[in-house]
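# Results of the structural survey
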Amino acid sequence: LRIVAQRKEHPGQYQNCSVMRTNAMKYLPNFFPKAALEKFFFCFPDPHFKRKNHPRRIVSERLLSEYAFLLKPEVGRLYCITD
């Protein structure tokens, strides 16, 4: 909703901004081609401390390779914000 409000307030700007709420582990490679993104933002990802829930972590070795595949070489950045 904030993106929509910013677009109305500043016509012609914020056209390349988007937020997705989805299962990244399953669907992320289907949304973007290789080296298509410059930035990823993970805001307060759930740490899943219990061992049985470790596969649910959104920041893991397995998924980092997928994120690297989607990020542009040399300029791609992944930001992870925690408390």
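A quick note: this is a predicted structure, and the numbers were derived from the prediction, not measured.

Cut-offs and rules
- Residues numbered from 1 in each chain as written.
- Predicted model: local features only at pLDDT ≥ 70, side-chain atom pairs only at ≥ 80, totals over all residues.
- Heavy atoms only, no water.
- Core = buried A, V, L, I, M, F, W, Y, C linked by side-chain atoms within 4.5 Å.
- Buried < 20%, exposed > 50% of the residue type's maximum accessible area, 1.4 Å probe, protein only.
- Helix = DSSP H or I, 4+ residues; strand = E, 2+ residues; numbered from the N terminus.
- Contact = heavy atoms within 4.5 Å.
- Phe/Tyr/Trp six-rings, centres within 6.5 Å; stacked < 30°, edge-to-face > 60°.

## Structural notes on the nonpolar core
Generally speaking, a soluble globular protein has its nonpolar side chains buried in company with each other. Within the largest apolar cluster, nine residues are counted, these being A24, L28, L37, F40, F42, L63, Y67, L70 and L71. Among the elements of the structure, helix 2 (24–31), strand 1 (39–43) and helix 3 (61–70) are those that each provide at least two residues to this core. Top contributing element to this core by residue count: helix 3, with three residues. Beyond its immediate chain neighbours, meaning those up to four positions away, L37 contacts F32, L70, L71 and K72.

## What about the packing of aromatic side chains?
Pairs of aromatic rings are described using the distance from one ring centre to the other and the angle between the two planes. All chains considered together, the criterion is met by five aromatic pairs. An angle of 45° between the planes, with centres 5.1 Å apart, marks the rings of F40 and Y67 as tilted. Highlighted residues: F40 in strand 1 and Y67 in helix 3, separated in sequence by 27 residues. The burial state of F40 is the same as that of Y67; both residues are buried. Between F41 and Y79, the aromatic rings sit 4.9 Å apart at their centres with planes inclined by 10°, giving stacked as the arrangement. One end of the pair, F41, is in strand 1; the other, Y79, is in strand 2 (residues 77–81), and 38 residues separate them in sequence. With a relative accessible area of 35%, Y79 lands in the partly exposed category.

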